[in-house]
Amino acid sequence: MNLFYKAPAKTWEEGLPLGNGRLGAVVYGDPLHETIQLNEETLWSGHYDPFADNPECPPMLDEIRKAIFDGDLVKSERLANTYSVCRGKGGTTSGDEGPYGSYQTAGELHIDFAYEGSTITDYSRTLDLTTGLASIRYSVNGTPVKGSVFTSYAAGVAVCYYESEKPFTAICRFSRERATAAADPAMRLLSLTGTFPENPEEGVGMAYAAAAKLYPEGGEIEADGAALIARNVKALAVVIDIETTYEPPKPDTGVELCRNPAVPYAACLDRLEKNPVRSSADMEKMFSASAGILEELMGRVQLDLAGNDPAMQCVPTDERILRMKEGTADTGLLITYFDFGRYLLISSSYNCRLPANLQGIWADTYKTPWSGDYHVDINLQMNYWLSETCGLGELNKPYFEYIRFLSEHGSRTARIQYGADGWCCHAITTPWGFTSPGEHASWGAVMTGGAWCCTHIWERYAFSGDKAVLEEYIDVMKGAAKFFLDFLVEDPRTGYLVTCPSNSPESHFYDPVTGNDCANCAGPTMDNEIIRDVFTQTADALEILGMGEDELCAALREACGKLPPIRIGKYGQIMEWMEEYAEIDTCHRHLSPLYALFPAAQITEQTPDLMEAAAVTLDRRLGEGGECGRCPWSNAWLVNLFARLKEGDKCLKHLNTMLTRFTMANMFNNPSLFQIEGNFGSVNGIAEMLLSSHDGRIVLLPALPSEPAWSSGQVNGLCARGGFRVDMVWENSQVVRFTLHSANGGDVTVRANGKDCIYRTEAGRDLVCELHA
């Protein structure tokens, strides 16, 4: 469970990522010129924009719909791109000082070391995924030096600790564009303060601050401009905090945020005062408290495979990645990748305010790619798939609270943009409450993003059996369902209820009449699949809670019966649209019509024709020259889809692709720009290969690869719907023993080695089963 290197990081993509949910850090580990890049989850430019929703859209909906139903797609495209869009600058194409904003770096802490002599030997750096400790070890002219950096889950600060047998000098300073750095030698404090934006409109923007307190052992502290110099010390601790004045805006009224940097700076000082590191004993105590939290979370799942070679642990991680790219198999590195993804989700979701964004909580720029925002047409959802299967359900809390936040702002969007009840959210969102369509209808008009997020609330209940989850968020689920009850319109050509206008995320087709490039349509397949889930799950939740809303339940079930069915096209594929349009890109990276296969469970063994059509769809998507599987998140989705099709060898192929094509030296994903959901989605794919529970039974090893390295193994702690944790051991591709840990009790069907058996479980008791050939 370590990342291991024999040289310092030269770039951010080689640094070691740390996080405690709220704070993030990337450690370079340079023995002479250390850089620790910093992040804080709410450090966003931009501001609340009450004018993004388009009030000119509702009066035009009938005309747009008529054009689509009449087949006049030239007209419908023109109208949609005029009215089914946000007002103003919009989202990801706006500058970082626009209302939409961008997630940003909090700056860097630089530490320049001076030793007696300058010959560096015996260098190594590691990241322990079980404790969250980045360790840097080296010798200077034969004298050992140790560096330790961690972000504390318990104390909420970042800590750097350096020690040597001989005195050394360290020059410490903050750096960040658009911020003011300062040093206070009397208080041994570094500070970094600023506002967003620098010259805002009145009432717009927020303040931020970072502070670092130095604790030297021996020596003395002096200032050099904005830097502090710790001279002739044997050990040095630096404790860091970052704060902002961000508060979530309210719909219509927004929020007036404090723009005085003294306020977040005072909050930093308060946290630092409560968490001093005056000695190595203080450091060990703080580290132990933090490591205990992470160890418990990481220890919930353990995976080992026959092909895991312990000798490879002595080979640096970056070298192992290169070896895989050159064709050498490394099952152990896949296990590390599995552990690393879980570590990243904990590091970016533990006890925090906002869910993991497109880069988790790690960003080293001011205009982060795609703003580092929340894309809800697959990306945010993929971030949290593993939370249930890998026993980390509590990490959904910031995600679910963010869905509630979106529902509040999305009700305004529903009212203004569509004249509809309930709430909706489109393709992209921010902490400023942006729920409007994007700036172009071809990708930004899809309005099922928020509804898709709501299915995760149901999954939390399905895995835990905890009605309190439904009770807490039933109003959010109801709001999403009510929007579609109001917005759906009958397609006069078929009689089905459809979304119109909408689109299949980022996928285009040829107008059958003109041959033009088109995107807007009625009832794209993924819309129908998501709405079917939301209607069914909301009605089921209302009945489970006994809320007495029989009329709403009946309306949801009736409308669900009027949604278009999943259809098979002329190539034997799942159709992406209601009509058999010719795709412009048959190999598109989005796999939207296969939502029903995964993450949903509308295509299963019980629908063999659709299962076969899903396989055909994947074959077509993976044709030559397209983007499907050629970016990390798309490739990770493929692992999960092939797991549902029980195609273990294809799962393994795409897992290997994650390491050989899409993984940087520090194991972050990177096609050309870092996005984290590929890391997360791949972890869930491995879990789905080993255990499934979506089809009314628990299936052990549903998609085990035929590769000998996977033929024997052990996994503990994977979770199944119904409140079960499962441990199992397999040999020669056959399960020989499994244990069910039941939270709720009851009968459960388990399929092991191709046979279904019903087991009676008791709440809080373990059921151990030995299987014989």
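What you see is a predicted model; the values in this text were computed from it and never measured.

Caption draft 1: Geometry of the overall build of the chain. When its secondary structure is counted, the chain shows 18 helices and 30 strands. Its C-alpha radius of gyration of 27 Å places the chain within 12% of the 28 Å reference for a compact globule of 773 residues. Along the first, second and third principal axes, the C-alpha atoms of the chain reach 80 × 75 × 50 Å. In the chain, which comprises 773 residues, the proportion classed as buried is 62%.

Caption draft 2: Main features of unusual backbone geometry. For the bond running from Cys-500 to Pro-501, omega is 0°, close enough to zero to count as cis. Considering the arrangement of structural elements, one finds Pro-501 in the loop between β19 (497-498) and β20 (509-510). In this structure, Pro-599 follows Phe-598 across a cis peptide bond, with omega equal to 15°. With a phi angle near 50°, Asn-141 is a residue other than glycine that sits in the positive phi range. Relative to the helices and strands, Asn-141 resides in the loop between β7 (133-140) and β8 (143-151). One non-glycine residue, Asp-252, lies in the positive phi region at around 75°.

Caption draft 3: Fine view of the sheet that holds strand β24 (residues 698-700). What the four strands build is an open sheet, ordered β23-β24-β28-β29; its pairing is mixed. Across the chains shown, the open sheet's two edge strands, defined by having one partner strand only, are β23 (691-692) and β29 (755-761). As judged from the two bridges shared by β24 and strand β28 (residues 746-752), these two strands associate in the parallel manner. Bridge pairing in β28 links Ile-698 to Val-750.

Caption draft 4: Molecular detail of the side chain of Thr-195. The residue Thr-195 is located in strand β11 (residues 189-196) in this model. Thr-195 gets classed as buried once you look at its relative accessible area, which sits at 17%. A polar atom in the side chain of Thr-195 sits 3.1 Å from the side chain of Arg-259. Ignoring any residue separated from it by four or fewer positions in sequence, one finds Thr-195 in contact with Met-206, Ala-207, Tyr-208, Arg-259 and Pro-261.

Caption draft 5: How the structure looks around the pattern of salt bridges. What the rule picks out here adds up to 42 salt bridges. A salt bridge links Arg-751 to Asp-756; its shortest N-O distance comes to 2.7 Å. Relative accessible area serves as the criterion here: at 17%, Arg-751 is assigned to the buried category. Residue classification places Asp-756 among the partly exposed positions, given a relative accessible area of 35%. Arg-765 serves as the salt-bridge partner of Glu-762, at 3.7 Å between the closest nitrogen and oxygen. Members of the salt-bridge network, linked through shared partners, are Glu-605, Lys-646, Asp-695, Arg-697, Arg-751 and Asp-756.

Caption draft 6: Broad picture of the packing of aromatic side chains. For the structure on display, the rule yields 35 aromatic pairs. Aromatic side chains Trp-44 and Tyr-103 sit 6.5 Å apart centroid to centroid with 50° between the ring planes, which places their arrangement in the tilted category. Of this pair, Trp-44 sits in the loop between β4 (33-40) and α1 (61-69) while Tyr-103 sits in the loop between α2 (73-83) and β5 (107-114), and the two are 59 residues apart along the sequence. We classify Trp-44 as buried; its relative accessible area is 1%. Between Phe-483 and Phe-487, the aromatic rings sit 5.3 Å apart at their centres with planes inclined by 10°, giving stacked as the arrangement. Here Phe-483 and its partner Phe-487 are both found in helix α12 (residues 467-487), four residues apart, which amounts to about one turn of the helix. Looking at Phe-483, the relative accessible area reads 0%, which means it is buried. Through a chain of ring-to-ring contacts, the aromatic side chains of Trp-12, Phe-340, Tyr-343, Trp-362, Phe-668 and Phe-674 assemble into a single cluster. Across from the ring centre of Tyr-5, 4.4 Å away, lies the NZ or CZ of Arg-125, which sits over that ring. In this structure, Arg-620 is placed above the aromatic ring of Tyr-571, and the distance from its NZ or CZ to the ring centre is 4.3 Å.

Caption draft 7: Spotlight on the nonpolar core. Among the nonpolar cores identified, the biggest contains 218 residues, and Leu-109, Phe-535, Trp-637, Leu-690, Leu-700, Trp-710 and Phe-738 are the most heavily contacted of them. Top contributing element to this core by residue count: α12, with eleven residues. Dropping the residues within four chain positions of it, Trp-710 is found in contact with Leu-305, Thr-331, Leu-334, Leu-652, Leu-655, Met-689, Leu-690, Leu-704, Pro-705 and Trp-730. One finds Leu-133, Ala-209, Ala-235 and Phe-287 within the second-largest nonpolar core, a separate group that totals 20 residues.

Caption draft 8: Quick peek at helix α14 (residues 550-560). Taken residue by residue, α14 has Leu-552, Cys-553, Leu-556, Ala-559 and Cys-560 as its buried positions. Buried residues of α14 fall within an arc of 135° about the axis and therefore sit on the same side. In α14, the exposed positions angled more than 90 degrees off the buried face are occupied by Asp-550 and Glu-551.

Caption draft 9: Representation of a negative patch on the surface within the structure. Together, Asp-619, Glu-647, Asp-649 and Glu-707 give the surface a local cluster of negative charge. With respect to the element layout, Asp-649 can be found in helix α17 (residues 648-661). Accessibility expressed as a relative area gives 42% for Asp-649, which makes it partly exposed.

Caption draft 10: A look at the sheet that holds strand β27 (residues 734-742). In space, the five strands of this open sheet follow the order β15-β25-β26-β27-β30, with antiparallel pairing throughout. With one partner strand each, in any of the chains shown, β15 (302-305) and β30 (766-770) form the two edges of the open sheet. Averaged over neighbouring strand pairs, the angle between their axes works out to 20° when direction is ignored. Of the strand pairs in this sheet, β15 and strand β25 (residues 713-720) are connected by four bridges, and their pairing is antiparallel. Counterpart to Asp-304 in the pairing with β25 is Gln-714.

Caption draft 11: The side chain of Ser-139, seen in detail. When you line up the elements, Ser-139 lands in strand β7. The class for Ser-139 is buried, based on a relative accessible area of 10%. Aside from chain neighbours lying at most four places away, what touches Ser-139 is Thr-119, Ile-120, Thr-121, Asp-122 and Pro-144.

Caption draft 12: Highlighting the environment of Asn-351. Tracing the backbone shows Asn-351 in the loop between α6 (331-349) and β16 (374-375). Counting along the chain gives 331 residues from Asn-351 to Asn-20, while the straight-line C-alpha distance between them is 8.0 Å.

Caption draft 13: Here's a closer look at the pairing of β4. Most of β4 sits out of view: seven of its eight residues are buried. Here strand β3 (residues 23-27) pairs with β4 via five bridges, running antiparallel. Bridge pairing in β4 places Gly-24 opposite Asn-39. Linking β3 back to β4 in an antiparallel pair, the connection comprises five residues, with Gly-29 at a positive phi of about 75°.

Caption draft 14: View of the packing of helix α13 (residues 525-545) against α14. Two numbers describe how α13 lies on α14: the axes approach to 9 Å, and their chain directions differ by 155°. Overall, the two elements α13 and α14 adopt an arrangement that is roughly antiparallel. Where α13 crosses over α14, the two elements pack in a sense that is left-handed. Two secondary-structure elements touch here, α13 through Arg-532, Phe-535, Thr-536, Thr-538, Ala-539, Asp-540, Leu-542 and Glu-543 and α14 through Leu-552, Cys-553, Leu-556, Arg-557, Ala-559 and Cys-560.

Thresholds, definitions, all that
Residues numbered from 1 in each chain as written. Predicted model: local features only at pLDDT ≥ 70, side-chain atom pairs only at ≥ 80, totals over all residues. Heavy atoms only, no water. Helix = DSSP H or I, 4+ residues; strand = E, 2+ residues; numbered from the N terminus. Rg over C-alpha atoms; globule rule 2.2 N^0.38 Å. Buried < 20%, exposed > 50% of the residue type's maximum accessible area, 1.4 Å probe, protein only. Pairing = 2+ DSSP bridges. Polar contact = N/O pair within 3.5 Å; in protein donor to acceptor, adjacent residues only side chain to side chain. Contact = heavy atoms within 4.5 Å. Salt bridge = Lys/Arg side-chain N within 4 Å of Asp/Glu carboxyl O. Phe/Tyr/Trp six-rings, centres within 6.5 Å; stacked < 30°, edge-to-face > 60°. Lys NZ or Arg CZ within 6 Å of the ring centre and 35° of its normal. Core = buried A, V, L, I, M, F, W, Y, C linked by side-chain atoms within 4.5 Å. Arc of directions from axis to C-beta. Patch = residues over 30% accessible without salt bridge, like charges linked within 9 Å, V, L, I, M, F, W, Y side chains within 5 Å. Areas by Shrake-Rupley, 256 points an atom, 1.4 Å probe, with all protein chains shown as cover. Lys, Arg positive; Asp, Glu negative; His and termini not counted. Charge placed at Lys NZ, Arg CZ, Asp CG, Glu CD. Axes fitted to C-alpha atoms, helices over the stretch in contact; angles between N-to-C directions. Parallel < 35°, antiparallel > 145°, perpendicular 65-115°, else oblique. Left-handed = near helix turned anticlockwise from the far one by under 90°.

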